[in-house]
Amino acid sequence: MAEIAVNLVIRKLMPLLSKEDNQLLGVHKEVAKIKDDLEYIRAFIKDADAMADKEDKSSVVKLLVKQVQEVAERIEDVIEEYKFRLAQIQHDQKSRFRGFLQIAPHHVKRLKHRHKITSEIQNIKTLLCQIKKKIERYKFKEQGSSSNTKDFTWHDPQLAAHFIGEAEVVGIDDSSDKVIAWLVEGTSKLTTISVVGMGGLGKTTLAKKALDNHRVKEHFNCLIWITVSQSYNMEGLLKEMIKQYYKAMGLTAPKDIDTFNLISLITKLRQCLQNKRCVIVFDDVCNKEFWGSIMNIFPDDDDKGTRIITTTRDYVVASFCKEFSIVHIHEMQPLPPEKGMELFCKKAFKYSIFEGRFPPEFKQLCFEIVATCQGFPLAIVAIGGLLSTKEMVVSEWKNCHDNLSFELQSNSHFATIKKILSFGYHDLPYYLKSCFLYFGMYPENYSIRCSRLIKQWIAEGFVEEDGKGKTLEEVANEYLSELIRRSLVEVSTISVDGKAKHCYVHDLLRELILSKIAESNFCQVLGKEDSRFHGKSRRLSINKCGDDVLKTNEKSQKGYRYPLSILFIDIQKGNQTGLLVGKFLRHGIASGQLLRLQILDLEGVYKPQLPDTIGDLIHLIYLGLRWTLLETIPSSIGNLLNLQSLDLKHTNIENLPSSIQRLQRLKHLYITESRIQPQLVGSFLKYLQSLKNLQTLKGVFLDSYTDPSMGLNEGLGGLINLRELELELQLIPSQQGYVVKHVMKLKHLQSLKLTSYPVEEELGKPLMLKPLSGLENLYRLDLSGLIDNPSIIINTNGLPQNLTRLTLFDSELINDPMPVLEKLHNLRSLYLNHRSYTGSSMVCSKGGFPKLRVLKMSFLFNLEELIVEEQTMQKLVEWEIVKCRCLKVLNGLENLKTLQQLKLTDVLQEFIATIEETKGKTWDNLAIIIRRPW
């Protein structure tokens with residue numbers, strides 16, 4: 001663990017050495033010497049770190065690793081103190097006037113801090129010199145790991161195959177068939193299917209495979225998946241069930257659902273499930289008490305064939321639901337050797353020329369590696385993913401396996417898996433280790449928004465520039481893709497263009513992470529079990545706990561290492577929590593304990609009372625206020641000159657203070673679904689002219705009461721670095737034209753969403769567009785509103801050729817857009833929503849849409865006929881048709897060989913009958929999912 005601390009410190013030293021600043025202290029040479037010594041130590045510390053994890057580690061190695069860890073923490077403390085004092089000096093110099101009586105005591109105080117920092121640097125130099133001598137004495141032998149950055153090769157992070165694991169599932173066909181039969185056959189009474197087994201055996205994978213079966217999808221009215229875990233909140237869990245139910249039925253959940261108490265939630269769920277055939281998965285149930293409330297959501301007279309699936313490690317939990325339902329129990333077993341080998345080869349040789357098969361010279365070694373994993377799919381996938389990053393040289397793989405075998409000192413299955421996973425962790429390059437451990441900041445089974453995660457990595461300083469002109473965000477995405485490729489991180493939701501949207505780590509891997517962060521003081525997680533700060537960590541995560549934890553720590557920060565990051569995760573809702581969070585911040589700022597903060601994430605905290613002194617957090621880089629329903633933001637936010645990410649999405653903020661224009665380093669600003677008053681937007685646009693570094697701007701609303709020419713030219717038109725833009729327009733045509741003119745100047749745009757609302761009801765909502773082909777980097781486009789110039793859509797040169805996702809809403813195109821859209825050869829998803837096309841016929845021609853995977857058509861009220869020619873949409877996986885009530889004919893469905901799901905909602909019964917007849921004649925593995933209108 002010392003390796004991470006050393007590398008983080010080296011990265012923090014680099015900007016300090018880029019130019020000497022003698023205003024605070026003249027220790028530039030000493031700091032440079034410390035950096036050189038650390039780089040010398042880094043050459044050896046990786047192997048020392050790995051040796052320190054072994055059962056037979058020597059006391060000398062343990063002591064050395066511990067000393068390096070401690071001195072690295074001391075260096076980090078000095079760096080942060082240096083940065084803090086330097087920022088204070090720079091702030092003081094910007095003051096207009098300071099009299100002698102103010103300057104004199106300040107100068108004395110500065111000298112005091114200078115002496116303290118200089119003295120500590122000299123002590124650190126002495127310690128490092130001693131450690132170097134010990135290293136030279138013991139001469140750790142390097143293991144020849146390929147984690148060196150020079151030998152590391154990135155793989156394409158956008159390949160959907162990285163994120164789709166079902167193709168690699170092996171050895172559970174028989175189990176899957178059994179579970180599917182229990183789901184769709186037999187009694188109509190409520191039945192529970194419990195999948196039991198220890199971690200890493202594939203319980204969740206089995207449940208997912210069963211639910212993905214077309215027979216299951218067609219058999220049930222709705223499918224609900226709930227991840228329970230140890231720290232579940234029953235009310236939150238029931239709310240999520242209701243939301244998933246409404247989504248599955250194609251409806252909108254009640255807006256007041258968050259106000260329901262436990263009794264109301266149970267009553268509502270009983271009403272939803274009444275006379276419905278549903279399958280509900282409760283994944284990772286840890287104790288039998290869970291069933292106490294859950295059993296009450298099912299109607300007493302349920303005879304529609306509803307099924308429950310549970311996955312659990314506890315046999316008592318599996319059998320407990322016999323009290324209210326029929327129970328089938330399936331016990332998971334380790335994979336037999338031949339299936340283990342099949343899974344290993346699919347993972348280890350996936351990207352080689354052998355395409356999932358081992359070369360002859362690797363045969364014996366592969367069998368030995370698989371035997372080491374003892375049939376556990378998680379272990380096989382982990383070691384396979386690790387070896388897939390190595391050169392295909394038998395000697396290197398054998399060296400890797402020998403070291404792995406040396407690690408396995410215990411006969412315990414569980415200990416074996418942990419050893420294997422730990423081995424995969426040690427093989428990571430140093431810059432990925434910090435990113436991987438950061439998952440420990442989030443709760444068990446927590447689905448993390450990827451954009452949130454990578455911005456926090458960047459704020460932490462984990463992400464390095466690659467020297468190839470990529471943004472830090474792009475590099476961070478590559479980091480995440482590599483962790484996914486190594487099977488250390490799982491993807492929970494995927495965008496249609498193959499990118500991960502949400503991710504998480506397996507619970508066993510999280511246990512490994514928690515053990516590592518405890519050893520290294522990487523972070524501290526506060527919750528019910530550990531409710532008081534110990535003060536040794538730079539990062540704090542307050543997870544799924546109530547007001548008691550905040551009360552306990554409200555005034556207990558004195559004497560701690562100053563935290564650099566604080567995350568509040570799943571804090572309980574209520575005014576009391578918002579009040580306590582405010583007190584916590586107010587006291588921490590006043591006492592000076594929080595003044596070094598770089599990350600403050602309050603996402604989901606209900607109306608936190610931000611103190612007026614929030615502007616004193618001058619080192620803040622990331623401020624997350626999404627879903628806080630916050631109503632005001634202090635004007636002192638303008639003092640956060642280092643801020644790069646400000647997330648105000650889903651708040652009730654009506655006005656942004658003018659001081660926001662001082663945030664010249666801001667890269668990402670989210671104000672979607674906030675409540676900024678239209679009459680204040682003009683001022684906001686003027687503020688933008690100072691935010692030249694903005695890459696993301698989402699949620700700006702422009703209306704006809706604000707002259708968009710005021711501020712647009714200097715504001716929006718000057719944001720030349722913008723990558724993502726979302727605008728909502730309620731403008732007359734001439735005003736819209738002015739806006740679009742400036743949008744067309746943003747040549748780096750990758751994602752654009754334009755929504756037009758009517759100025760007056762009789763005017764409709766026209767969207768005044770120009771040809772967009774000049775935006776060559778654009779890959780995602782969402783257009784909502786009547787398109788005044790349809791040639792943009794139906795003309796080959798009207799759209800960028802790199803588009804991967806296109807959404808049209810209310811476009812009212814008269815001519816069939818398919819002949820042009822099908823020539824967008826990179827298009828992966830197409831959404832034609834609500835009167836986007838008003839004609840009666842659509843034709844998908846031969847060779848068209850070569851990469852399209854998802855097609856959705858909804859509310860195309862005049863559409864009567866769809867024609868699918870041969871060799872079109874050859875990669876289509878999902879097709880959804882919603883409320884196209886005149887649609888009678890779909891010719892050529894049999895030409896879509898890759899289609900897996902056809903979802904039909906509120907369409908003619910005769911059309912459904914035609915589709916089912918075609919399916920019966922053509923193939924059996926197509927799932928036709930029919931949703932009835934209410």
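Residues numbered from 1 in each chain as written. Predicted model: local features only at pLDDT ≥ 70, side-chain atom pairs only at ≥ 80, totals over all residues. Heavy atoms only, no water.

Here we come to the overall build of the protein chain. The secondary structure content of the protein chain amounts to 28 helices and 30 strands. Residues classed as buried in the protein chain amount to 55% of the 934 residues present. Counted over contacts in the protein chain with a minimum sequence separation of 6, partners at least 24 positions apart contribute 69%. About 40,100 Å² of surface is accessible on the protein chain, with carbon and sulfur atoms providing 49% of the total. (Helix = DSSP H or I, 4+ residues; strand = E, 2+ residues; numbered from the N terminus. Buried < 20%, exposed > 50% of the residue type's maximum accessible area, 1.4 Å probe, protein only. Contact = heavy atoms within 4.5 Å. Areas by Shrake-Rupley, 256 points an atom, 1.4 Å probe, with all protein chains shown as cover.)

Relative to the 20 Å expected for 14 residues at 1.5 Å per residue, helix α20 (residues 507-520) spans 20 Å between its end C-alpha atoms, a close match to the ideal helical length. Every buried residue of α20 is accounted for by D507, L508, L509, R510, L512, I513, K516, I517 and S520. Two residues or fewer past α20, N521 is found with a positive phi of approximately 60°. (Expected span 1.5 Å × (residues − 1).)

A word on unusual backbone geometry. If a residue is not glycine, its phi is most likely negative; likewise, a peptide bond is most likely trans. Residue N275 is not a glycine yet carries a positive backbone phi of 60°. Counting through the fold element by element, N275 comes out in the loop between α9 (262-273) and β3 (278-283). Within the chain, Q871 stands out as a residue other than glycine whose phi angle is a positive 60°. Looking at where Q871 falls in the secondary structure, it is placed in the loop between β26 (865-868) and β27 (878-882). Exposure remark for Q871: the relative accessible area of 47% places this residue in the partly exposed category.

In this structure, L600 and W879 are the most contacted members of the largest nonpolar core, which totals 111 residues. When sequence neighbours within four positions are dropped, the list of residues in contact with L600 reads I566, F568, L585, I614, L617, L620, Y622, L623 and G624. Counting 51 residues, the second largest nonpolar core, distinct from the first, contains Y446, Y479, L509 and Y622. (Core = buried A, V, L, I, M, F, W, Y, C linked by side-chain atoms within 4.5 Å.)

Enumeration over the complete set of coordinates arrives at 18 salt bridges. The shortest N-O distance in the salt bridge between K209 and D173 comes to 2.5 Å. Taken together, the positions of K209 in helix α6 (residues 203-212) and D173 in helix α5 (residues 173-184) put the pair 36 residues apart, joining distant regions of the chain. Residue class for K209 comes out partly exposed when judged on its relative accessible area of 22%. Residue classification places D173 among the partly exposed positions, given a relative accessible area of 43%. With a closest N to O distance of 3.8 Å, K346 and E342 form a salt bridge. Note that K346 and E342 are positioned in helix α12 (residues 337-348) at a spacing of four residues, about one turn of the helix. What you see here is one network of salt bridges that share partners, running through R449, R452, D601, E603, R626 and D647. (Salt bridge = Lys/Arg side-chain N within 4 Å of Asp/Glu carboxyl O.)

This part is about the sheet that holds strand β8 (residues 500-504). Taken in spatial order, the three strands make up an open sheet running β6-β8-β7, and their pairing is antiparallel. Unpaired on one side and paired on the other, β6 (448-449) and β7 (490-494) mark the two borders of the sheet. (Pairing = 2+ DSSP bridges.)

Here T755 shows up in strand β18 (residues 751-756). What makes T755 buried here is its relative accessible area of 10%. Other than its neighbours up to four places away in sequence, T755 contacts L727, E728, L729 and S784.

Another point: the sheet that holds strand β4 (residues 307-312). The five strands lie next to each other as β2-β3-β4-β1-β5, forming an open sheet whose pairing is parallel. Each end of this open sheet is capped by a strand with a single partner; those strands are β2 (222-227) and β5 (326-331). Ignoring strand direction, the axes of neighbouring strands in this sheet form an average angle of 15°. Packed on one face of the sheet, helix α8 (residues 234-248) meets β2 and β3 and runs near 155° to β2. (Axes fitted to C-alpha atoms, helices over the stretch in contact; angles between N-to-C directions.)

Within the element layout of this structure, T872 appears in the loop between β26 and β27. A distance of 3.0 Å separates a polar atom in the side chain of T872 from the backbone oxygen of S845. The residues contacting T872, other than those within four sequence positions of it, are C844, S845, G847, G848 and L896. (Polar contact = N/O pair within 3.5 Å; in protein donor to acceptor, adjacent residues only side chain to side chain.)

What follows concerns α9. In this model, α9 (twelve residues) spans 17 Å end to end at C-alpha, consistent with the 16 Å of a helix rising 1.5 Å per residue. Looking only at α9, the buried set comprises L265, I266, K268, L269, C272 and L273. Buried positions in α9, seen along its axis, are confined to an arc of 165° and lie on one side of it. Residues of α9 that are exposed and angled more than 90 degrees away from the buried face: I263 and Q271. Next to the buried residues of α9 lie α8, β3 and α10 (291-294). For α9, the side-chain oxygen to backbone nitrogen distance between the N-cap and I263 is 3.3 Å, and the N-cap itself is N261. (Arc of directions from axis to C-beta.)

We now examine the pairing of β18. For β18, the tally of buried residues reaches five of six residues, placing the bulk of the element in the interior. Handedness of the crossover joining strand β17 (residues 724-730) and β18 through helix α25 (residues 733-743) is recorded here as right-handed. (Right-handed = clockwise from strand over helix to strand, strands pointing away.)

On to the packing of α8 against α9, then. When two helices pack together, their arrangement is given by the angle between their axes and by how far apart the axes lie. For the pair α8 and α9, the least separation of the axes is 10 Å and the interaxial angle reads 30°. In terms of orientation, α8 and α9 fall into the roughly parallel class. Crossing geometry of α8 relative to α9 is assigned as left-handed. Mapping the contact onto sequence places M234, E235, L238, K239, M241, I242, Y245 and Y246 in α8 and L262, L265, I266, K268, L269 and C272 in α9. Residue composition of the contact of α8 with α9, by class: eleven nonpolar, no polar and three charged. (Parallel < 35°, antiparallel > 145°, perpendicular 65-115°, else oblique. Left-handed = near helix turned anticlockwise from the far one by under 90°. Nonpolar A, V, L, I, M, F, W, Y, C, P; charged D, E, K, R; others polar.)

Okay, the environment of V78 next. Turning to its location among the elements, V78 is positioned in helix α3 (residues 59-93). V78 gets classed as buried once you look at its relative accessible area, which sits at 12%. On a C-alpha basis, the gap between V78 and I117 in space is 6.6 Å, while along the polypeptide they are 39 residues apart. Those residues within four positions of V78 in sequence are excluded, and the remaining contacts are I117, E120, I121 and I124.

All right, on to the packing of aromatic side chains then. Geometrically, a pair of aromatic rings is defined through the distance of the ring centres and the angle of the planes. Counted under the stated rule, the structure contains 21 aromatic pairs. Both rings, one in F358 and one in F367, keep their centres 6.4 Å apart while their planes meet at 65°; by these two values the pair is edge-to-face. Looking at F358, the relative accessible area reads 26%, which means it is partly exposed. The ring of W225 is capped by K208, whose NZ or CZ atom sits 5.9 Å from the centre of that ring. (Phe/Tyr/Trp six-rings, centres within 6.5 Å; stacked < 30°, edge-to-face > 60°. Lys NZ or Arg CZ within 6 Å of the ring centre and 35° of its normal.)

This part is about the confidence of the model for the protein chain. Here the protein chain shows a mean pLDDT of 79. Residues at 70 or above account for 77%. Confidence drops under a pLDDT of 50 for residues 20-24, and excluding neighbours within four residues, the segment shows 14 contacts in the predicted structure. (pLDDT = per-residue confidence, 0-100.)

This part takes up the environment of Q374. Turning to its location among the elements, Q374 is positioned in the loop between α13 (363-372) and α14 (377-387). Residues Q374 and L335, spaced 39 residues apart in sequence, show a C-alpha to C-alpha distance of 8.0 Å.

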